[in-house]
Amino acid sequence: MPPLKWRALGAAFDVRSLLMLAATAWALIYHFTSQPPLWSRVLAVPWALAVVALAGLAKVRPGRARYLWLVAACLGLEAWAGWHWIVVSTWATRQAGWELRTRDMGAISGAAVALALLHGADPGAAVVLGGFVLLPGVFARQSRRTADLIGELQETRRELARLAVVEERNRIARDLHDLVGHSLSVVAVKTELARRLVPRDPERAGAELADIDTVVRRALAEVRQAVTNYRQPALAAEVAGAVSAARSAGIACAVSLPDDWDLPVPVEGLLAWTVREGVTNVLRHSRARSCSITVELAPRRAAVEICDDGVGAGDDERPEAAVSGNGLTGLSERASALRGEISVGRRPEGGFRLSVAVPLDPS
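The notes below deal with the structure included here.

Definitions and limits used
Residues numbered from 1 in each chain as written. Predicted model: local features only at pLDDT ≥ 70, side-chain atom pairs only at ≥ 80, totals over all residues. Heavy atoms only, no water. Core = buried A, V, L, I, M, F, W, Y, C linked by side-chain atoms within 4.5 Å. Buried < 20%, exposed > 50% of the residue type's maximum accessible area, 1.4 Å probe, protein only. Helix = DSSP H or I, 4+ residues; strand = E, 2+ residues; numbered from the N terminus. Pairing = 2+ DSSP bridges. Axes fitted to C-alpha atoms, helices over the stretch in contact; angles between N-to-C directions. Contact = heavy atoms within 4.5 Å. Phe/Tyr/Trp six-rings, centres within 6.5 Å; stacked < 30°, edge-to-face > 60°. Lys NZ or Arg CZ within 6 Å of the ring centre and 35° of its normal. Patch = residues over 30% accessible without salt bridge, like charges linked within 9 Å, V, L, I, M, F, W, Y side chains within 5 Å. Areas by Shrake-Rupley, 256 points an atom, 1.4 Å probe, with all protein chains shown as cover. Salt bridge = Lys/Arg side-chain N within 4 Å of Asp/Glu carboxyl O. Disulfide = S-S within 2.5 Å. Expected span 1.5 Å × (residues − 1).

1. Quick notes on the nonpolar core
Ranked by internal contacts, the top residues of the largest apolar core, which has 33 residues, are Leu70, Cys74, Trp85, Ile86 and Trp91. Ranked by residue count, the leading element in this core is helix α4 (residues 64-81), at 8 residues. One finds Leu235, Cys253, Val275 and Ile293 within the second-largest nonpolar core, a separate group that totals 28 residues.

2. Brief notes about the sheet that holds strand β2 (residues 290-298)
The strands making up a sheet associate through hydrogen bonds between their backbones, and the pairing can be parallel or antiparallel. Strand order in the open sheet made by the 5 strands is β1-β2-β3-β5-β4, with mixed pairing throughout. In this open sheet, the two strands that pair with only one neighbour each are β1 (252-256) and β4 (341-346). Geometrically, the sheet is characterised by an average inter-axis angle of 10° between neighbouring strands, direction not taken into account. Pairing geometry for β2 and strand β3 (residues 301-308), over 8 bridges, is antiparallel. Opposite Ala298, over in β3, you have Arg301 as the bridge partner. Of the strands in this sheet, β1 and β2 touch helix α9 (residues 235-248), which is tilted by about 160° from β1.

3. Quick word on unusual backbone geometry
With phi around 60°, Leu100 is a residue other than glycine that occupies positive phi space. In this fold, Leu100 is placed in the loop between α5 (90-98) and α6 (102-118). In this model, Arg287 sits at a positive phi of 55°, which is unusual for a non-glycine residue. Here Arg287 is to be found in the loop between α10 (265-286) and β2.

4. Some thoughts on the packing of aromatic side chains
Following the criterion strictly, the structure yields 4 aromatic pairs and no others. A cation over an aromatic ring shows up here: Arg144 above the ring of Trp98, its NZ or CZ 5.5 Å from the ring centre.

5. Overview of the pairing of β3
Of all 8 residues in β3, 6 are buried; the element is thus mostly enclosed. Where β2 folds back onto β3 in an antiparallel hairpin, the turn is made up of 2 residues. When β3 meets strand β5 (residues 352-359), the two strands line up antiparallel, connected through 8 bridges. Pairing of Ala302 across the sheet is with Val358, part of β5.

6. Details of a nonpolar patch on the surface
Residues Val15, Leu18 and Leu21 make up a contiguous nonpolar surface patch of about 300 Å² in total accessible area. If you trace the backbone, Val15 turns up in helix α2 (residues 15-33).

7. Points about the state of the cysteines
Two cysteines whose sulfur atoms are joined by a covalent bond form what is called a disulfide. Throughout the structure, instances matching the rule amount to 0 disulfides. Cys291 carries a free sulfur, and the closest cysteine sulfur to it, the one in Cys253, is 3.6 Å from it. Cys307 takes part in no disulfide bond, and the closest cysteine sulfur, belonging to Cys291, lies 9.3 Å away. Residue Cys307 is classed as buried on the basis of its relative accessible area of 6%.

8. Thoughts on α6
Helix length check: α6, at 17 residues, gives a terminal C-alpha distance of 25 Å against a target of 24 Å (1.5 Å per residue), a fit within 8%. One or two residues past the end of α6 sits Gly120, with phi positive at roughly 90°.

Next up, the structure:
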């Protein structure tokens, strides 16, 4: 059966439908054992199957016409075949609950109980069966409201994500405008002035061109710094991603973090890069069973340490060789730029250790 048909079938018959199918089967068995006329036995089977089919169709493709046919089929079967067919009305109340027809749920249950009493059923049994008929509708109504709420929450989350992207784009646009707009305006004015001064005062024109060169270089440095800040990873996000990646690889990962922190952007970026590089090396080379990520904050110093209990790429691997990797080389350069210190190598108790410490006032 194609996947789409399997999904449609699953939507039509959920787990609760198994109980309703069992009740329908019980009614069919009871009907045959009560020795009704032959025509009743012949007609009851296709009628009951038609009820189940209509219930599935109404669930997959809702519509008032299908719903009314389902209600008529359920109550009609009970009307001519006997009180025990009251249980098939669960299919109608389930659909009424899913379509949030609260009044219909009570009306269908009441009509089913009334028909059972007209057939001479025991009043207590009829009421109990009426409650059984009503329950699927109540459960379906709760499921529908839950599904609607989940849909609204998902839509809200998508909208918040979209607004966050828009806000970030606006922030970047404002920052670039503030950084570049003024500098380009100055360049435009000085370029026009220098163009006019070239024939009359070449020395002053040269001075203006020198100023233009200074403004352009300063603007370029500011843009580079802004781009660097945009590309800084967040420490919390990197730790969360590292834990998820380690656990996916079957490596237990213990984390020790301060309750909160407010670090300079370059410092937090360095710690985040350290976590990313350290856990990447654990996943690729360590063959470890566990690792740990520890972030320590002091009044004048911040540090992060990644340790594992692995063996590295080989028993003869030297720590110095690990430092020469491109990732750790780049990390060392980042640490040096902030007057930080990097330490990497094997631990005496076994495993590997990567640690980066940086002062909180690197200037």
